[in-house]
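Letter by letter, the chains look like this.
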Amino acid sequence: MRRTRVLRRLLRKMRDAKKIDKHIYHSLYMLSKGNQFKNKTVLLEKIHELKGLAVKEKALGEQADARKGRAKSRLERRAAREAKKAADAEAAASS
């Protein structure tokens, strides 16, 4: 019971200090309730692992958005180039 209270207190402090968000808090709270963590050190390791994973996912999402933006602009430039080429060909044919 003492270990459970210690782990819950740590989670509550970290959530209140905005070091973990409510989703990570809830998942870790439920894991600590299920006796998944032997001590605070193991819990802190898991917190650092989850935070690193969240940062990595965010970075990958930003990279994907940038890639999609570049592809969209490339398609727009190509469509403009083809439209100009078709207009030039039409103008040359009518002359």
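Residues numbered from 1 in each chain as written. Predicted model: local features only at pLDDT ≥ 70, side-chain atom pairs only at ≥ 80, totals over all residues. Heavy atoms only, no water.

### Some remarks on the overall build of the chain
Scanning the chain from terminus to terminus reveals three helices and zero strands. Listing every helix and strand of the chain by position from the N terminus yields α-α-α. Its C-alpha atoms give the chain a radius of gyration of 27 Å, more than 25% over the compact-globule value 12 Å for 95 residues. With the C-alpha coordinates of the chain rotated into their principal frame, the extents come out at 90 × 20 × 15 Å. In the chain, which comprises 95 residues, the proportion classed as buried is 13%. Summarising the internal contacts of the chain: among those between residues at least 6 apart in sequence, 56% fall at separations of at least 24. By element, 54% of the accessible surface of the chain is carried by carbon and sulfur atoms, the whole surface being about 8000 Å². Of the side chains in the chain, 28 bear a positive and 11 a negative charge, and the two mean positions are spaced by 14 Å. (Helix = DSSP H or I, 4+ residues; strand = E, 2+ residues; numbered from the N terminus. Rg over C-alpha atoms; globule rule 2.2 N^0.38 Å. Buried < 20%, exposed > 50% of the residue type's maximum accessible area, 1.4 Å probe, protein only. Contact = heavy atoms within 4.5 Å. Areas by Shrake-Rupley, 256 points an atom, 1.4 Å probe, with all protein chains shown as cover. Lys, Arg positive; Asp, Glu negative; His and termini not counted. Charge placed at Lys NZ, Arg CZ, Asp CG, Glu CD.)

### Some details on the packing of aromatic side chains
With the rule as written, the count across this model stands at one aromatic pair. Taken together, a centroid distance of 5.7 Å and an interplanar angle of 40 degrees make the contact between Tyr25 and Tyr29 tilted. Taken together, the residues Tyr25 and Tyr29, both in helix H2 (residues 22-33) and four residues apart, mark about one turn of the helix. Judged by its relative accessible area of 12%, Tyr25 falls in the buried class. Owing to a relative accessible area of 22%, Tyr29 belongs among the partly exposed residues under this scheme. Directly above the ring of Tyr25 sits Arg15, whose terminal nitrogen or CZ lies 4.1 Å from the centroid. (Phe/Tyr/Trp six-rings, centres within 6.5 Å; stacked < 30°, edge-to-face > 60°. Lys NZ or Arg CZ within 6 Å of the ring centre and 35° of its normal.)

### Some points on unusual backbone geometry
At Lys18, a position not held by glycine, the phi torsion is positive, near 65 degrees. Of note, Lys18 is situated in the loop between helix H1 (2-16) and H2. One non-glycine residue with positive phi stands out, namely Asn35, at about 65 degrees. Its place among the elements puts Asn35 in the loop between H2 and helix H3 (40-94).

### Quick word on the pattern of salt bridges
One pass over the full model with this rule turns up three salt bridges. As a salt-bridge pair, Glu82 and Arg78 come within 3.2 Å of each other at their nearest N and O atoms. Of this pair, Glu82 and Arg78 are both found in helix H3, four residues apart, which corresponds to roughly one turn of the helix. (Salt bridge = Lys/Arg side-chain N within 4 Å of Asp/Glu carboxyl O.)

### Things to note about the confidence of the model for the chain
For the chain, per-residue confidence averages 91 on the pLDDT scale, and 99% of positions sit at 70 or higher. Mean pLDDT per element in the chain: H1 is the minimum at 90, and H3 is the maximum at 92. (pLDDT = per-residue confidence, 0-100.)

### Comments concerning the nonpolar core
By size, the foremost hydrophobic cluster in this structure holds eleven residues: Leu7, Leu10, Leu11, Met14, Ile20, Ile24, Tyr25, Leu28, Phe37, Leu43 and Ile47. Mapped onto this core, the elements with two or more residues apiece are H1, H2 and H3. In terms of residues, this core owes the most to one element, H1, which gives four residues. Excluding its chain neighbours within four sequence positions, the residues that come into contact with Ile47 are Leu11, Met14, Ile20 and Leu28. (Core = buried A, V, L, I, M, F, W, Y, C linked by side-chain atoms within 4.5 Å.)

### Here's the deal with H3
Two residues of an α-helix separated by three or four positions point the same way, owing to the 3.6 residues in each turn. Here H3 contains 55 residues, and its C-alpha end-to-end distance of 81 Å stays within 8% of the 81 Å for a straight helix at 1.5 Å per residue. Its side-chain oxygen 3.2 Å from the backbone nitrogen of Thr41, Asn39 forms the N-cap of H3. (Expected span 1.5 Å × (residues − 1). Polar contact = N/O pair within 3.5 Å; in protein donor to acceptor, adjacent residues only side chain to side chain.)

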